[in-house]
Amino acid sequence: MINGFNNKSAPMEQNGNNSNSNNNGYLNPAFVGKLNASNSIPGEYKNQAESAANGQAPSVKPKVALEPLDVESADAAQGKRSDGWNNDMEFLMSCIALSVGLGNVWRFPFIALENGGGAFLIPYLIVLILVGKPVYYMEMLLGQFSSRGSVKIYDMVPIMRGIGYGQVLATGIVTTYYATLMALTLRYLVESFYPTLPWSYCREAWGDSCLDSAPQTQFQSLANGSAVRTTSAEFYFTHVILREKASIDDGIGYPSWSLAVALAVAWITIASIMFKGVKSSGKASYFLALFPYVVMLILLVRALTLPGALDGVLYFLKPQWHKLLEPQVWYAAVTQVFFSLAICFGNIIMYSSYNRFGQNIYRDANIITSLDTFTSLLSGVVIFGILGNLAYENNTTDISSVVNGGTGLAFISYPDAIAKFKVVPQVFSVLFFLMLFVLGIGSNVGMVSCLTTVLKEQFTKIKQWHIVVTISIAGYLLGLIYITPGGQYLLTLLDFFGATFVALVLAIVELITIGWIYGVKRLCRDVEFMLGIKTSKYYRICWAVITPLMMLTILIYMLALYEPVKYKDYTFLPGVYAFGWCLSAFGVGQLLIWAIPAVRRQPASLSLWQRIRKAFEPLPNWGPLKPSTLQRYQLFMQQANASAMFERRGFWHKIYDNIFG
């Protein structure tokens, strides 16, 4: 039968009219005939062809009245989960809402500010092309192809299932502190309705070093002198909102009751959207994805009309070439791409697992990564325009000296600019903080969906809303530590040890696993089977060589020149660093924790070495969700493996064949 497949197979180029709306992937004519055949029943062409070959008349089935199918059967017939997206656009909008978030508005300008402004754009774009875009597309492919979440996706290499669990841990940590940032935005949103914005003016307790964020008269600007002063917006954030301590040596303090209420509202909002899974979150994705751009464009116009804004924008766009030789800048670019696109956390795999089998994710991946970059640049222009104005108000040309970095950037520079609006600043303030809240919701819904999917795949009998409520309560209780006077210290610590470091290490292991254990060659065959397209050399080389090497180099650099994590100028106690490294070890250690049971599940008749090797092979049911499509995929792979039997077996040829085969 394999020979029969070879004789009937048609070159891929002959299928130029392939439609990506097909739910069953690229249909090899050897299995089901041509895509434009009048027969629309998968596999029917093959049955009729066999009948004709045996001298029998093709059977003609009588037409019968169709009975209504249940939802699960109908979705299975389309090759997607029963709880999948309502339509393809919901997936695209949800990915935009996930990837375009606080990482663009808050983190990107902050990272750029720390790494020389415009100089950061060059390594950022290079890393985006060589790391972000290939990994994003790769995770989309695997999720859609297998319809599995971020843990069960490793049915393709069972011994590496710990990658998924480690990424779930990192996602859980990010989820808890991400929600507290939304609580901060809610606090500011409520206070935006005050007749006078509370951060626009100085209090007596803040002394003469405070500078009103409200518009300054010419006399006041001249009276400020040349000394750099701190804006009332910054004083308000650190002293009123955070109640920040000088150190946490004597403890982190108690949560703020107002932020605790805001945090509860944030989690109730997330739970409400997630109540029915992606069926409900998909409907909300249109607003979550599009509304922030309306507000951002309004703020862009206002920021560029402020005095001194042009200097800030030029600082942002003008490259400082010597910065390209500093490894720290490249390390910052890699971590920014991670946070911005939300890759290597399992979120993209999870979202795409709810797609129908033949959806055009090649197009979607290009749209999302391009839009994410555009949003980062747009927010950078806005924030640096504001920083240019702050420098102008402080009579200095040093853009980087006018504000402290950290999570407070979005809660200092933006509010300061809004306070300078002479016409109803409350309106712009409400719009801005509502935008931040919507951005946070979109990203947090994606992360909670990832956790929910993992738990639902493990505990199939538990209802969706039970899992969502449990995660929300746990997330709320854990989030309380971040809204204490020492909360920002803990956020900085857990962000590095629990999220950034763990995600970077596991991402390297993930790329090696997919590129060299599962194999780039097999992944490209999966793409061909699912979408009917050939994978370009750009993706092949990035998946196999460039992306893992770049990330491995960054990791080695970080470990070689490691300096203790600090919050502002505060150095943590030795015991705190020990806890941080234990947390990192626990996250990365998931590789070993879950590798042991994967080996033990192999047949007892095999030797230990054979069981280990067997654990590196895909499970028998690995492939598309729909049984008939899975059967065609297995036949497709049999044909490919039969052809591979006659290939050369040299070491270098295997490497070349894995990349370009």
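Residues numbered from 1 in each chain as written. Predicted model: local features only at pLDDT ≥ 70, side-chain atom pairs only at ≥ 80, totals over all residues. Heavy atoms only, no water.

Comments concerning the overall build of the chain
(1) Moving on: If you tally the helices and strands in the chain, you get 26 helices and 4 strands.
(2) Moving on: Residues counted as buried form 57% of the 661 residues belonging to the chain.
(3) Moving on: Put simply, 82% of the contacts in the chain that link residues at least 6 apart link residues at least 24 apart.
(4) Moving on: If you sum the accessible surface of the chain, you get close to 28400 Å²; carbon and sulfur atoms cover 64% of it. (Helix = DSSP H or I, 4+ residues; strand = E, 2+ residues; numbered from the N terminus. Buried < 20%, exposed > 50% of the residue type's maximum accessible area, 1.4 Å probe, protein only. Contact = heavy atoms within 4.5 Å. Areas by Shrake-Rupley, 256 points an atom, 1.4 Å probe, with all protein chains shown as cover.)

Some points on the confidence of the model for the chain
Any region with low pLDDT has predicted coordinates that should not be read closely.
(1) Moving on: Averaged over all residues, the pLDDT of the chain equals 82, while 83% of them reach at least 70.
(2) Moving on: At the low end of the mean pLDDT range in the chain sits helix H2 (residues 29-32), at 38; at the high end sits helix H11 (residues 257-274), at 96.
(3) Moving on: Across residues 1-79 the pLDDT falls below 50, and counting only partners more than four positions away or on other chains, this stretch makes 97 contacts in the model. (pLDDT = per-residue confidence, 0-100.)

Topic: helix H5 (residues 88-99)
(1) Moving on: Given a rise of 1.5 Å per residue, 12 residues ought to cover 16 Å, and the 17 Å separating the end C-alpha atoms of H5 matches this to within 8%.
(2) Moving on: The buried fraction of H5 amounts to 10 of the 12 residues, a majority that puts the element mostly inside the structure.
(3) Moving on: Every buried residue belonging to H5 is among Glu90, Phe91, Leu92, Met93, Ser94, Cys95, Ile96, Ala97, Leu98 and Ser99, and all of these are buried. (Expected span 1.5 Å × (residues − 1).)

Section: the packing of helix H7 (residues 121-146) against helix H21 (residues 537-560)
(1) Moving on: One can describe the packing of H7 onto H21 by two numbers: an axis separation of 9 Å at closest approach and a directional angle of 115 degrees. For the element pair H7 and H21, the recorded crossing hand is left-handed. Residue-level inspection shows Val127, Ile129, Leu130, Val131, Lys133, Pro134, Val135, Tyr137, Met138 and Leu141 of H7 in contact with H21, the latter providing Tyr538, Tyr539, Cys542, Trp543, Ile546, Thr547, Met550 and Met551.
(2) Moving on: Looking at side-chain class alone, the contact of H7 with H21 contains 16 nonpolar, 1 polar and 1 charged residues. (Axes fitted to C-alpha atoms, helices over the stretch in contact; angles between N-to-C directions. Left-handed = near helix turned anticlockwise from the far one by under 90°. Nonpolar A, V, L, I, M, F, W, Y, C, P; charged D, E, K, R; others polar.)

Looking at the pattern of salt bridges
(1) Moving on: Applying the stated criterion across every chain, the model contains 10 salt bridges.
(2) Moving on: Close ionic contact of lysine 568 with glutamate 244 constitutes a salt bridge, the shortest N to O distance being 2.8 Å. Of this pair, lysine 568 sits in the loop between strand E3 (566-567) and strand E4 (570-571) while glutamate 244 sits in the loop between helix H10 (232-241) and H11, placing them 324 residues apart in sequence.
(3) Moving on: Between lysine 534 and glutamate 528 there is a salt bridge, with the nearest N and O atoms lying 3.4 Å from each other.
(4) Moving on: Salt bridges sharing common partners tie together Arg148, Asp155 and Arg161. (Salt bridge = Lys/Arg side-chain N within 4 Å of Asp/Glu carboxyl O.)

What to know about the state of the cysteines
(1) Moving on: Summed over the entire model, instances satisfying the criterion amount to 1 disulfide.
(2) Moving on: One disulfide bridge connects cysteine 202 with cysteine 210, the sulfur atoms lying 2.0 Å from each other. Of note, the bridge from cysteine 202 to cysteine 210 carries an S-S torsion of about -85 degrees and is left-handed in sense. (Disulfide = S-S within 2.5 Å.)

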